[in-house]
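# Fold and geometry: a report
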Amino acid sequence: MTRAEQKAATRSRILQGALNIFAERGFDSASIRDIAAEAGINHGLIRYYFADKDGLWKAAVAFLFERMHDELHTPQEEYTWSDEDQLKAWIRRYVHYCARHPEHARIMVQESIRDSDRLAWAVEKFIKPDHEALRGRFEARVKQGFYPDIPFHSYVYMFTAAAQSPFMLAEEVKRVHGVDVTHESVVNAHADALYTFFIKRQPDG
């Protein structure tokens, strides 16, 4: 491994460690030393790469959204599929993302409860542009008859909450229902359930 590759790997490890600790404890209760221990590195490296905890939080959240965009990217071959099959495939990708990365929703919930400056930064840089990009596709799907004609913000938050909640509450689900929500068959079944619940079975026309 080259020096540049080592530095990139260390940086990625720090960012994932930060996401884990911020998701578990919130920004205020997370410490640089705890994040360093989670990442398995000396805490001085965090200041070397990110200056302070606020800089680390922003870098970690940028890493999180960039990873989400990469993992939800539509493969070229899917553009030849039917609208219904494309929609099913996107829902499955999104649910698998939620299962792999429950820290995403946990961090955003914590910041939204506080209505922090960090949330305002994430909204302007990532969340609002993402929602605006989704709005056009939502409106097109309404016209096609796949989505109900309801306010966009209502649909997007109902859908994302339903997609995320079993993975955010994985330990509760396991204790109540004896279900391991990280198992691939469970994740796929949840994606299928979302399609059944949220998408009209037959497009209009």
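These notes cover the structure that comes with them. (Residues numbered from 1 in each chain as written. Predicted model: local features only at pLDDT ≥ 70, side-chain atom pairs only at ≥ 80, totals over all residues. Heavy atoms only, no water.)

Okay, the overall build of the chain next. A count of helical and extended segments in the chain gives 10 helices and 0 strands. Counting from the amino terminus, the chain carries its helices and strands in the arrangement α-α-α-α-α-α-α-α-α-α. A principal-axis box enclosing the C-alpha atoms of the chain has dimensions of 60 × 40 × 35 Å. Considering the chain as a whole, with its 205 residues, one finds that 42% of them fall into the buried category. (Helix = DSSP H or I, 4+ residues; strand = E, 2+ residues; numbered from the N terminus. Buried < 20%, exposed > 50% of the residue type's maximum accessible area, 1.4 Å probe, protein only.)

Following the sequence through the fold, L15 ends up in helix α1 (residues 3-29). Counting along the chain gives 64 residues from L15 to Y79, while the straight-line C-alpha distance between them is 33 Å.

Next up on the list: the nonpolar core. The biggest cluster of nonpolar side chains holds 57 residues, and the ones touching the most others in it are F22, I46, L56, I91 and I199. No other element matches helix α4 (residues 53-72), which puts 10 residues into this core. (Core = buried A, V, L, I, M, F, W, Y, C linked by side-chain atoms within 4.5 Å.)

Here we take up α1. When the terminal C-alpha atoms of α1 are compared, their 33 Å separation across 27 residues is substantially less than the 39 Å that a helix rising 1.5 Å per residue should span. Along α1, the sharpest kink reaches roughly 85°, centred on A23. Of all the residues in α1, the buried ones are T10, I14, L15, G17, A18, L19, I21, F22, A23, G26 and F27. Summarising the contacts, the buried residues of α1 are in contact with α2 (32-39), α3 (44-50), α4, α6 (102-114) and α7 (117-144). (Expected span 1.5 Å × (residues − 1). Bend = angle between axes of the 7 residues up to and from the residue. Contact = heavy atoms within 4.5 Å.)

Another aspect to go through is the packing of helix α5 (residues 83-100) against helix α10 (residues 184-198). Contact pair α5 / α10: the axes reach a minimum separation of 9 Å and the direction vectors enclose 130°. In terms of orientation, α5 lies oblique with respect to α10. Pair α5 / α10 crosses with right-handed handedness. Of the residues in α10, those touching α5 at E84, L87, K88, I91, R92, V95, H96 and A99 are E184, V187, N188, H190, A191, D192, L194 and Y195. When grouped by side-chain class, the residues that make up the contact of α5 with α10 number 8 nonpolar, 3 polar and 5 charged. (Axes fitted to C-alpha atoms, helices over the stretch in contact; angles between N-to-C directions. Parallel < 35°, antiparallel > 145°, perpendicular 65-115°, else oblique. Left-handed = near helix turned anticlockwise from the far one by under 90°. Nonpolar A, V, L, I, M, F, W, Y, C, P; charged D, E, K, R; others polar.)

A full pass over the atoms with the stated rule returns 17 aromatic pairs. A centroid spacing of 6.1 Å and a plane angle of 65° characterise the contact between W57 and W121, whose relative ring orientation is edge-to-face. With W57 in helix α4 and W121 in helix α7, the pair connects residues that are 64 residues apart, well separated along the chain. The rings of W90, Y94, F138, Y147, F152, Y155, F159, F197 and F198 are connected pair by pair, giving a single aromatic cluster. Across the ring face of F27, the terminal group of K53 is positioned such that the distance to the ring centre comes to 4.5 Å. Stacked on the ring of Y195, the Lys or Arg K88 has its end atom at 5.2 Å from the ring centre. (Phe/Tyr/Trp six-rings, centres within 6.5 Å; stacked < 30°, edge-to-face > 60°. Lys NZ or Arg CZ within 6 Å of the ring centre and 35° of its normal.)

Estimated volume of the largest pocket: approximately 1,200 Å³. Along its surface, the largest pocket is lined by 45 residues, and W90, Y94, L134, V156 and T160 are the ones closest to its centre. When residues in the lining of the largest pocket are grouped by element, the largest group, 12 residues, is from α7. Taken together, the residues that form the lining of the largest pocket break down as 29 nonpolar, 11 polar and 5 charged. (1 Å grid on protein atoms, 1.4 Å probe; cavity = no way out; pocket = protein on both sides within 12 Å on 5 of 7 lines; lining within 4 Å. Points joined across faces, edges and corners; volume = space filled by probe spheres on them.)

Now for the pattern of salt bridges. What the rule picks out here adds up to 12 salt bridges. Here R25 makes a salt bridge to D34, at a shortest N to O gap of 2.5 Å. Linking R67 and E103 is a salt bridge whose minimum nitrogen-to-oxygen distance equals 3.0 Å. With R67 in helix α4 and E103 in helix α6, this pair connects stretches of sequence that are 36 residues apart. Beyond isolated ion pairs, a larger network of salt bridges with shared partners links E24, R25 and D34. (Salt bridge = Lys/Arg side-chain N within 4 Å of Asp/Glu carboxyl O.)

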